[in-house]
Protein chains: 2
Amino acid sequence: MNTQPDNTTIPLRFNEQGLVPVIVQDAETGEVLMMAWANAEAIRLTSLTGAAHYYSRSRQKLWKKGEESGHTQQVKEILVDCDEDTLLYKVIQTGAACHTGYKSCFHRTLNGTVTQKQLVRPEDVYTK
Amino acid sequence: MNTQPDNTTIPLRFNEQGLVPVIVQDAETGEVLMMAWANAEAIRLTSLTGAAHYYSRSRQKLWKKGEESGHTQQVKEILVDCDEDTLLYKVIQTGAACHTGYKSCFHRTLNGTVTQKQLVRPEDVYTK
């Protein structure tokens, strides 16, 4: 579970579930799009294919971003933090990163004010 | 432990330790600076004072960013994600966000290539 991805020389510190948090940022605009989790296999596949992969804690499975919606992420760079337990993917986002149809998952203030326009309607993107 | 901060109308979903991850971004440049954790009290103090507060999992205590180093963060905006379990602080960073003296904690690729200049020497900032 804690197997190191092939392509990294920095020994990542996975949590007790074998995961690290991944911050996802638009490589062009700098906008923070979402946060997700990755295991070693997700990081390996991301590096190998250039398509962002994560590990779903709720579904307990590996997933490729956009596999259902088509809203994929092309990963331009992966950075690791000083503690070696968090990653930053810099991506080219196709469509909306958020499953609610917004470009970013971070589209509301703490008081609920919506700070972005909805790009797509979720019912047009997801079949279930 | 899961007490809601006073100032938010969105019911945050804290984890079993009563914490949410916080992504910290430079409000001016868009650079992702660090990731930390916050409990309800840290969020309340951040909103109240405008100075970034977090909860240290290793030290098990609330901390104000820069309380030792002087490298404080003035929080301009707090956003919440669609799942209501992750925050984004947009901040004006004084000095270096990273305890290693780099502006951002994310200053290395997976292969260890350093992508930034060190701003300060940690031994000049921290007394221990």
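Above: the structure in question.
An account of the accompanying structure is given in this report. (Residues numbered from 1 in each chain as written. Chains lettered and ligands numbered in written order. Predicted model: local features only at pLDDT ≥ 70, side-chain atom pairs only at ≥ 80, totals over all residues.)

## Examining the interface of chain A and chain B
Note on interface size: it is often stated as the accessible area lost on association of the parts. Note the following rule: Throughout, a residue-residue contact means that the two C-beta atoms, derived from backbone geometry, are no farther apart than 7 Å. Starting at the N terminus, helices and strands are each numbered in turn, a helix being any DSSP run of H or I of at least four residues and a strand any DSSP run of E of at least two. In short, DSSP must find at least two bridges between two strands for them to pair.
With 30 residues of chain A at the contact, the number on the chain B side is 29 residues. At the level of elements, strand 1 (20-26), strand 2 (32-38), strand 5 (73-80) and strand 7 (108-109) of chain A are the ones that each hand at least two residues to the side of chain A that touches chain B. Sort the elements by how many residues they give to the side of chain A that touches chain B and strand 5 of chain A lands first, with four residues. Where strand 7 of chain A meets strand 5 (residues 73-80) of chain B, two bridges bridge the pair, whose relative direction is antiparallel. Paired with A:T109 across the bridge in strand 5 of chain B is B:L79.

## Focus: helix 1 (residues 40-49) of chain A
All names here are of chain A. We count it as follows: Partly exposed residues are those whose C-beta has more than 12 but fewer than 20 other C-beta atoms within 10 Å; 20 or more makes a residue buried and 12 or fewer makes it exposed, with C-beta atoms placed from the backbone. This arc describes the spread of directions from the helix axis toward the C-beta atoms.
Along helix 1, the residues classified as buried are A40, A42, I43 and T46. The buried side chains of helix 1 occupy one side of the element, clustering within an arc of 165° when seen end-on. Exposed and oriented more than 90 degrees from the buried face of helix 1 are L48 and T49. Here the buried face of helix 1 lies against strand 2, strand 3 (53-56), strand 4 (61-64) and strand 5.

## Examining unusual backbone geometry
Phi angles above zero are rare outside glycine, and A:E84 is one such case at about 60°. Inspection of the secondary structure puts A:E84 in the loop between strand 5 and strand 6 (87-93). Backbone geometry places B:Q60, a non-glycine residue, at a positive phi of 50°. Given 8 C-beta atoms within 10 Å, B:Q60 falls into the exposed group.

## Regarding helix 1 (residues 40-49) of chain B
Two residues of an α-helix separated by three or four positions point the same way, owing to the 3.6 residues in each turn. Looking at the buried residues of helix 1 of chain B, the elements they touch are strand 2 (32-38), strand 3 (53-56), strand 4 (61-64) and strand 5 of chain B. Trailing helix 1 of chain B by a residue or two, B:G50 shows a phi angle of about 80°, which is positive.

## Overview of the sheet that holds strand 1 (residues 20-26) of chain B
Across the sheet, which stays open at both edges, the five strands sit in the order 7(A)-5(B)-6(B)-1(B)-2(B) with mixed pairing between neighbours. Lying at the two open borders of the sheet, with one neighbouring strand each, are strand 7 of chain A together with strand 2 of chain B. Both strand 1 of chain B and strand 2 of chain B contribute to a ladder of six bridges, which runs antiparallel. Residue pairing across strands places B:I23 opposite B:M35, the latter belonging to strand 2 of chain B.

## Some details on the pairing of strand 2 of chain A
A large share of strand 2 of chain A lies buried, amounting to six of its seven residues. From the end of strand 1 of chain A to the start of strand 2 of chain A, which pair antiparallel, there are five residues, and A:G30 there has a positive phi angle of about 85°.

## Here we look at the pairing of strand 3 of chain B
All names here are of chain B. Across four bridges, strand 3 lies against strand 4 in antiparallel orientation. Looking across to strand 4, one finds that Y55 is bridged to L62. A loop of four residues connects strand 3 with strand 4, the two strands running antiparallel in sequence, and Q60 in this loop sits at a positive phi of about 50°.

## What about the environment of A:R13?
Residues and elements named next belong to chain A. Residue position: R13 is located in the segment before strand 1. Between the C-alpha atom of R13 and that of E123, which follows or precedes it by 110 residues, the distance is 38 Å. When neighbours within four sequence positions are excluded, R13 is seen to be in contact with D83, E84 and D85.

## Side note on the environment of B:C82
Checked against the element boundaries, B:C82 lands in the loop between strand 5 and strand 6 (87-93). The spacing of B:C82 and B:R44 is 38 residues in sequence and 20 Å in space, taken between C-alpha atoms. Not counting residues within four places of it along the chain, the set of residues in contact with B:C82 comprises A:C98, A:H99, A:T100 and A:C105.

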